[in-house]
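The residues making up each chain are set out below.
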Amino acid sequence: MTRLQSRPAPAVLVTTRGEVSLAAPDYARTKLLAVLERLDEPVLSVRVRLTQEPNHAVARPSTAQATIDLNGRPVRAHVAAATMQEAVDLLQDRLNARIARVRAHRHHHRHHAGQLAAAGREHRPQRRVLGAEERRIVRHKSYSLARQSTWAAVFELEAMDYDFHLYTDAVTGCDSVVHHDGETGEYRIASAGAAPETEPGISVSTHEAPELTVADAVSRLDLSGLPFVFFTDSETGRGNVLYHRYDGHYGVITPVR
């Protein structure tokens with residue numbers, strides 16, 4: 001008996017942005033239902049967003065993003081491709097990989113950290129290039145940071161398909177950020193205070209995050225060429241992240257005071 005026979009599948013909510021074809025939402029629903037058929041866990045919700053970039057000079061103008069609530073555990077995937085059909089196909093594959101990571105973490109946790117190795121980044125959306133005078137901070141997110149162990153933070157990074165993850169280290173109590181180093185294949189962690197204990201496969205920065213204003217962080221981000229800057233806000237003393245958004249502008253994440 002299949003999952004769809006034993007338990008009704010949740011509705012797959014698809015939203016679109018840009019000139020997405022009329023057939024694309026149904027194609028996405030079919031592909032996501034194929035993912036759900038393989039699951040034993042209750043799926044509480046499924047959301048898909050399809051975006052068609054109007055700039056034809058972009059190599060991968062079609063992006064697809066899905067978030068499923070897997071029995072209370074959000075799992076997310078985000079991809080880009082030359083066509084929307086290819087993007088949806090890639091989304092299905094990447095979402096299956098994310099779900100496999102969630103299961104590996106539940107069964108093996110940190111002792112099998114290799115199973116959490118990050119998937120390739122070649123299908124990630126491209127960042128639109130804007131001139132420095134055009135870029136603005138268009139999103140400012142502020143929320144209570146999760147207090148997590150090192151491997152729980154790595155798991156969150158992978159399960160949610162993030163480029164980075166801002167959290168509070170459960171041992172040191174310091175705001176920290178984890179991301180994947182594409183050159184070394186390791187996870188990297190930087191802290192706004194005492195560095196967390198080292199773990200196999202995780203590189204920990206020995207330098208504290210610089211104390212900056214948001215304006216200083218923007219200047220550093222532009223000069224560094226990196227996707228984000230982690231810094232200690234000079235006013236609050238908390239760890240913040242300023243990052244490049246895919247639309248070419250900036251976003252800022254700050255902890256709630």
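For the structure itself, look to the data block above.
Bear in mind that the values here come from a model prediction, so they are computed numbers and not experimental data.

A. Quick look at the packing of aromatic side chains. On inspection of all chains with the given rule, the structure shows three aromatic pairs. Ring centres of Phe164 and Phe228 lie 4.9 Å apart, and the angle between their planes is 40 degrees; this geometry places the pair in the tilted category. One end of the pair, Phe164, is in strand β7 (residues 164-169); the other, Phe228, is in strand β12 (residues 228-233), with 64 residues separating them in the sequence. Look at Phe228 and you get buried, because its relative accessible area is 11%. On the basis of an interplanar angle of 55 degrees and a centroid distance of 5.5 Å, the ring pair of Phe164 and Tyr243 is categorised as tilted. Taken as a pair, Phe164 in strand β7 and Tyr243 in strand β13 (residues 239-244) lie far apart in primary sequence, 79 residues in all. An aromatic cluster of at least three residues, connected via ring pairs, comprises Phe164, Phe228 and Tyr243.

B. Here's a closer look at the nonpolar core. With 31 residues, the main nonpolar core has Val48, Leu50 and Leu95 as its most contacted residues. When contributions to this core are tallied by element, the ones reaching two or more residues are β1 (12-17), α2 (24-37), β2 (43-52), β3 (62-70), β4 (73-81), α3 (84-108) and α4 (150-159). The dominant element in this core, judged by the number of residues it contributes, is α3, at eight residues.

C. Region of the structure containing the side chain of Thr67. For Thr67, the position within the fold is in strand β3. Assessed through its relative accessible area of 12%, Thr67 is described here as buried. Aside from chain neighbours lying at most four places away, what touches Thr67 is Ser45, Val46, Arg47, Val75 and Arg76.

D. Broad picture of the sheet that holds β2. If you trace the four strands from one edge of the open sheet to the other, you get β1-β2-β3-β4, paired in mixed fashion. Each edge of the sheet is formed by a strand with only one pairing partner; in this case those strands are β1 and β4. Direction aside, neighbouring strands of the sheet carry axes that sit 10 degrees apart on average. Of the pairings in the sheet, the one linking β1 to β2 comprises six bridges and is parallel in character. Among the inter-strand pairings, Leu13 is bridged to a residue of β2, identified as Arg47. Where α2 meets the sheet, it contacts β1, β2 and β3, and its direction lies at approximately 145 degrees from that of β2.

The rules behind these values
- Residues numbered from 1 in each chain as written.
- Predicted model: local features only at pLDDT ≥ 70, side-chain atom pairs only at ≥ 80, totals over all residues.
- Heavy atoms only, no water.
- Phe/Tyr/Trp six-rings, centres within 6.5 Å; stacked < 30°, edge-to-face > 60°.
- Helix = DSSP H or I, 4+ residues; strand = E, 2+ residues; numbered from the N terminus.
- Buried < 20%, exposed > 50% of the residue type's maximum accessible area, 1.4 Å probe, protein only.
- Core = buried A, V, L, I, M, F, W, Y, C linked by side-chain atoms within 4.5 Å.
- Contact = heavy atoms within 4.5 Å.
- Pairing = 2+ DSSP bridges.
- Axes fitted to C-alpha atoms, helices over the stretch in contact; angles between N-to-C directions.

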